[in-house]
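Breakdown of the fold
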Amino acid sequence: MPFMTITRRELLQAAGASWMLGQLGCPSFIAPDVSSKDLLVRQTDPFNAEPRLDRLLDSWVTPYSSFYVRSHGNQPAVNPDQYALVVEGLVERTLRLRLEDLERMAKVTVTATMQCAGNRRSEHSRTKSTGGVQWDAGAIGTAEWRGPRLADLLGRAGVKAGAKHVWFEGKDSVTLKDRQTLFGGGVPIEKALKPETMLALEMNGLPLAREHGYPVRTVVPGYIGARSVKWLGRIVVADRPSENNFVARDYKLFPPEATAETVKPEAYDPIYEFVLASAICRPLVGATVPAGKLEVGGYAVPPGAEGVSIASVQVSGDGGGTWTTAQLLGKESSFSWQLWKATLDVQPGSRTLIAKAVDSRGQVQPEKAPWNFKGYLYNGWHRVPITVS
Ligand SMILES: Nc1nc2c(c(=O)[nH]1)N[C@H]1C(S)=C(S)[C@@H](COP(=O)(O)O)O[C@H]1N2
Ligand SMILES: [Mo]
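No experiment lies behind these values; they were computed from the predicted model shown.

A word on helix H5 (residues 150-157)
The periodicity of an α-helix, 3.6 residues per turn, causes residues three or four places apart in sequence to face the same way. Taken together, the buried positions of H5 are Leu 150, Ala 151, Leu 153, Leu 154 and Ala 157. Mapping the buried residues of H5 onto a view down its axis gives an arc of 160°, with all of them on the same face. One or two residues past the end of H5 sits Gly 158, with phi positive at roughly 80°.

Notes on the sheet that holds strand S4 (residues 84-89)
If you trace the five strands from one edge of the open sheet to the other, you get S5-S4-S14-S8-S9, paired in mixed fashion. For this open sheet the edge positions go to strand S5 (95-98) and strand S9 (180-188), each flanked by a neighbour on one side alone. Adjacent strand axes in the sheet meet at a mean angle of 20° when their direction is disregarded. Of the strand pairs in this sheet, strand S8 (residues 165-175) and strand S14 (residues 232-238) are connected by six bridges, and their pairing is antiparallel. Among the inter-strand pairings, Trp 167 is bridged to a residue of S14, identified as Val 236. Sitting on the sheet, H5 touches S4, S5, S8 and S14, and the angle it makes with S5 is about 130°.

Examining the site of ligand 1
Neighbouring residues of ligand 1: 18 residues in total, closest His 72, Asp 172, His 212, Arg 217 and Lys 230. Here Arg 70 contributes a backbone N or O atom positioned 2.9 Å from an oxygen atom of ligand 1. Here an oxygen atom of ligand 1 and a side-chain polar atom of His 72 are 2.7 Å apart. Here ligand 1 is seated within the largest cavity. Grouping the amino acids of the shell around ligand 1 by side-chain chemistry returns nine nonpolar, five polar and four charged.

Focus on the sheet that holds strand S17 (residues 292-301)
Overall, antiparallel pairing links the four strands, which are arranged S15-S17-S21-S20 in an open sheet. Each edge of the open sheet carries a strand with a single partner, namely strand S15 (277-282) and strand S20 (327-328). When S20 meets strand S21 (residues 338-346), the two strands line up antiparallel, connected through two bridges. Paired with Gln 327 across the bridge in S21 is Lys 341.

Section: the packing of aromatic side chains
Taken as a whole and judged by the stated rule, the model has ten aromatic pairs. Centre to centre, the rings of Tyr 223 and Tyr 272 are 5.3 Å apart; their planes meet at 35°, and the pair counts as tilted. One end of the pair, Tyr 223, is in the loop between strand S13 (217-219) and S14; the other, Tyr 272, is in the loop between helix H7 (245-248) and S15, and 49 residues separate them in sequence. Taking relative accessible area as the criterion, Tyr 272 reaches 15% and is therefore assigned buried. Here the aromatic rings of Phe 254 and Tyr 268 are separated by 5.2 Å at their centres, their planes lie at 80°, and the arrangement is edge-to-face.

Let's talk about the pattern of salt bridges
In the structure shown here, the tally under the stated rule is 17 salt bridges. Here Glu 169 makes a salt bridge to Arg 234, at a shortest N to O gap of 3.2 Å. Within this pair, whereas Glu 169 is found in strand S8, its partner Arg 234 is found in strand S14, the two being separated by 65 residues in sequence. Glu 169 sits in the partly exposed class, given a relative accessible area of 21%. The residue Lys 191 makes a salt bridge to Glu 196 at a minimum N-O spacing of 2.9 Å. Salt bridges linked by common partners bring Arg 98, Glu 100, Asp 101 and Arg 104 together as one network.

Observations concerning the nonpolar core
Among the nonpolar cores identified, the biggest contains 76 residues, and Leu 102, Trp 145, Leu 153, Ile 235 and Tyr 299 are the most heavily contacted of them. Judged by nonpolar contacts, the second largest core, of 21 residues, contains Ala 287, Ala 342, Leu 353 and Ala 357.

Observations regarding the side chain of Ser 312
Relative to the elements of secondary structure, Ser 312 occurs in strand S18 (residues 310-316). On the basis of relative accessibility, which here comes to 15%, the residue Ser 312 falls in the buried class. Once you skip the residues sitting within four places of it in the chain, Ser 312 turns out to touch Leu 328, Lys 356, Ala 357 and Val 358.

Each value, and the rule that gives it
Going along each chain's sequence as written, the residues are numbered from 1 onward. The order in which chains are written sets their letters, starting at A; the order in which ligands are written sets their numbers, starting at 1. For a predicted model such as this one, the threshold for reporting local features is a pLDDT of at least 70, and the threshold for listing and counting side-chain atom pairs is 80 or more; totals across whole chains, interfaces and linings nevertheless cover every residue. Working from all heavy atoms in the structure, the side-chain values ignore hydrogens and water. Three exposure classes are used, based on accessible area relative to the maximum for each residue type with a 1.4 Å probe and protein chains only: buried under 20%, partly exposed in between, and exposed over 50%. Every helix listed is a DSSP run of H or I at least four residues long, and every strand listed is a run of E at least two residues long, numbered separately from the N terminus. Along the arc lie the directions from the helix axis toward the C-beta atoms. Strands were regarded as paired on the criterion that DSSP finds at least two bridges between them. Working convention: axes come from line fits to C-alpha atoms, limited for helices to the stretch in contact. Angles between N-to-C directions cover 0 to 180 degrees. Working rule for contacts: check all heavy atoms of both residues, and any pair within 4.5 Å makes them a contact. If even one non-hydrogen atom of a residue comes within 4 Å of a molecule or strand, that residue is called near it. Polar contacts here mean pairs of N or O atoms no more than 3.5 Å apart (in protein, one a potential hydrogen donor and the other a potential acceptor; neighbouring residues in sequence count only if both atoms are side-chain atoms). Using only the protein atoms, space was sampled on a 1 Å grid; points where a 1.4 Å probe fits but cannot get out form cavities, open sets with protein on both sides within 12 Å along at least five of seven lines form pockets, and lining residues are those with an atom within 4 Å of a point. Molecule-in-pocket calls rest on the fraction of atoms, with more than half required to lie within 2 Å of the cavity or pocket grid points. Gly is placed with the polar residues, together with every amino acid not listed as nonpolar (Ala, Val, Leu, Ile, Met, Phe, Trp, Tyr, Cys and Pro) or charged (Asp, Glu, Lys and Arg). Any two of the Phe, Tyr and Trp rings considered here, Trp counted by its six-membered ring, make a pair once their centres fall within 6.5 Å; the pair's planes then place it as stacked at under 30 degrees, edge-to-face at over 60, or tilted in between. Basic side-chain nitrogens of Lys or Arg form a salt bridge, by our definition, when they fall within 4 Å of a carboxyl oxygen of Asp or Glu. Put simply, a nonpolar core is a bunch of buried Ala, Val, Leu, Ile, Met, Phe, Trp, Tyr and Cys residues held in one set by side-chain atoms that sit within 4.5 Å of each other.

Written out as structure tokens, the structure reads:
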């Protein structure tokens, strides 16, 4: 595995053994050991960090060291011996499963891209300020997730008639303006039963690291990262969407005229699927490059709908005057990004590189994304100003 840059022992220390620090009297909110990650820290508490964009091009499966971390609260150090997952609600049998029960279930490996709904929020903020972590285009990564299917677990519990949603609850504590809460997510029952939707125990062949949700997280391929709940503690089968803050109020796409003061979140649906997007990862914004042949690289993400993949990526070296079709480097998939590269001929002066993706339905990534005060789902054409000397 040439993409792994740290040893298994180091990762086990970051994950499974970290609860021991808690045993030794260290508070559970101490930061996990992410020293073997090489990230740009956007916020320290809660911890939020993304890789420098060009590092995303190293491999189709993103190594641990460049995988972004998005947290809303603390990063609990879960003792694997005391771990329990409760499955309840509209089920025939309430389950209380230990980690070894999950490890004993049939496992699948799913390669899927994790992407934050706030990826590229800083581009929304150029139009008008937005709240939240000001991500560049690096709140995204692709991993090989391994663990049981959620459908198998729900099959054991026996889903009752009338079930419409499945809620996920994490064990981390999040501070909202007026109260403490647990992070939560959820998906419609149809998505919960899809073969790609799973509980991940492993990421890239190793146990999940603490900051990625050790010992268990949901992975919901094609959906925004917020639905892939880390440090999973509870699953509830219900007849309605979760009332958790991060389903009922946050992670909704509000119209441009909405403001934090006036919005009525209950009037809007939760965001689930990704939107078609692409970004340039090399060269970096503001780079100076010699005139002539320039290799440009980046990623493209399909819109998260079943059966829809990336068909092509178009790249411009002159602000949109002429376009070149990029070479796609990954595997075709509805749930994973494509990496791409293109060789452009660039002329001296101030130039803007642009990328736009086209999906297998023929839909083209839009030139601009509608501004919203939460700064979600920025998928306008990615523009990278450079100097050609
Ligand atoms: N329990 C819990 N799960 C969570 C979060 C969180 O703060 N707490 N953040 C979510 C969000 S918004 C994203 S984008 C992904 C990020 O996953 P990663 O940190 O493993 O990259 O986790 C999701 N799951
Ligand atoms: Mo996110």
